[in-house]
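This is what each chain is made of:
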Amino acid sequence: MATPFYPLVLGILAVWRLTHLLHAEDGPGNVLASLRRAAGQGFWASLLDCFYCLSLWLALPLALLLGQGLAGRLLLWPALSAGAILLERLTRKGEPLPAVFYSEDEENDHVLRQEQDATADGIPGTDPVAGR
């Protein structure tokens, strides 16, 4: 089940190189930049925009090729992607990591304690006009 070290390193380098090429480089004659523009918006464009996603998909065929047995291939697939991601982080030149998107939904009225309506005199349930 163990993958020899040399093919593992070659697999990680190949996944990193192909992912970096498709994700960040223009290529000769701007061929790859044109490819990314032609992808427009949608699945292919989002795949080419995300290094992490792209490395996962490019690692799959290499894991199938290099791995031995189902368990070995299933473990090798994310390992090759992770190796490529680590290389990308190590070789990134002062560029900040991509921002993480975070949002919260607005709170509904499903809270344990709700405010009571207070009247002018501050006592709930009394009506100063009716004198009650």
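Relevant structure appears above.
### Things to note about the packing of helix H1 (residues 5-24) against helix H5 (residues 69-91)
Thought 1: The contact between H1 and H5 brings their axes to 8 Å, and the two run at 60°. It follows from the interaxial angle that H1 and H5 lie oblique. Our pair here, H1 against H5, has a crossing hand that is right-handed. When H1 is examined against H5, the residues Leu 8, Gly 11, Ile 12, Leu 13, Val 15, Trp 16 and His 20 are found in contact with a partner set consisting of Leu 76, Ala 79, Leu 80, Gly 83, Ala 84, Leu 87, Glu 88 and Thr 91.

### So, unusual backbone geometry
Thought 1: Unusually for a residue other than glycine, Asn 30 sits at a positive phi of about 55°.
Thought 2: Here Asn 30 shows up in the loop between H1 and helix H2 (31-38).

### Here's the deal with the nonpolar core
Thought 1: Counting residues in hydrophobic clusters, the biggest one holds 11 residues: Ile 12, Val 15, Trp 16, Phe 51, Ala 59, Leu 62, Ala 63, Leu 76, Leu 80, Ala 84 and Ile 85.
Thought 2: Elements with a contribution of two residues or more to this core: H1, helix H4 (51-66) and H5.
Thought 3: With sequence-adjacent residues up to four places away left out, Leu 80 is seen in contact with Leu 8, Gly 11, Ile 12, Val 15, Ala 59, Leu 62 and Ala 63.

### Describing the side chain of Ser 55
Thought 1: Among the structural elements, Ser 55 can be located in helix H4.
Thought 2: Given a relative accessible area of 0%, Ser 55 falls into the buried group.
Thought 3: Within the local environment of Ser 55, its side chain forms a polar contact with the backbone oxygen of Tyr 52, the two atoms lying 2.9 Å apart.
Thought 4: Separated by 2.8 Å, the side chains of Ser 55 and Ser 81 make a polar contact.
Thought 5: Non-local contacts of Ser 55, meaning those with residues more than four positions away in its chain, are made with Val 15, Thr 19, Ser 81, Ala 84 and Ile 85.

### Focus: H1
Thought 1: Here H1 spans 28 Å end to end across 20 residues, near enough to the 28 Å set by a 1.5 Å rise per residue.
Thought 2: Every buried residue belonging to H1 is among Gly 11, Ile 12, Val 15, Trp 16, Thr 19 and His 20, and all of these are buried. Relative to the axis of H1, the buried residues are bounded by an arc of 150° and lie together on one face.
Thought 3: Those residues of H1 that are buried lie in contact with H4 and H5.

Reading the values: the criteria
- Residues numbered from 1 in each chain as written.
- Predicted model: local features only at pLDDT ≥ 70, side-chain atom pairs only at ≥ 80, totals over all residues.
- Heavy atoms only, no water.
- Axes fitted to C-alpha atoms, helices over the stretch in contact; angles between N-to-C directions.
- Helix = DSSP H or I, 4+ residues; strand = E, 2+ residues; numbered from the N terminus.
- Parallel < 35°, antiparallel > 145°, perpendicular 65-115°, else oblique.
- Left-handed = near helix turned anticlockwise from the far one by under 90°.
- Contact = heavy atoms within 4.5 Å.
- Core = buried A, V, L, I, M, F, W, Y, C linked by side-chain atoms within 4.5 Å.
- Buried < 20%, exposed > 50% of the residue type's maximum accessible area, 1.4 Å probe, protein only.
- Polar contact = N/O pair within 3.5 Å; in protein donor to acceptor, adjacent residues only side chain to side chain.
- Expected span 1.5 Å × (residues − 1).
- Arc of directions from axis to C-beta.

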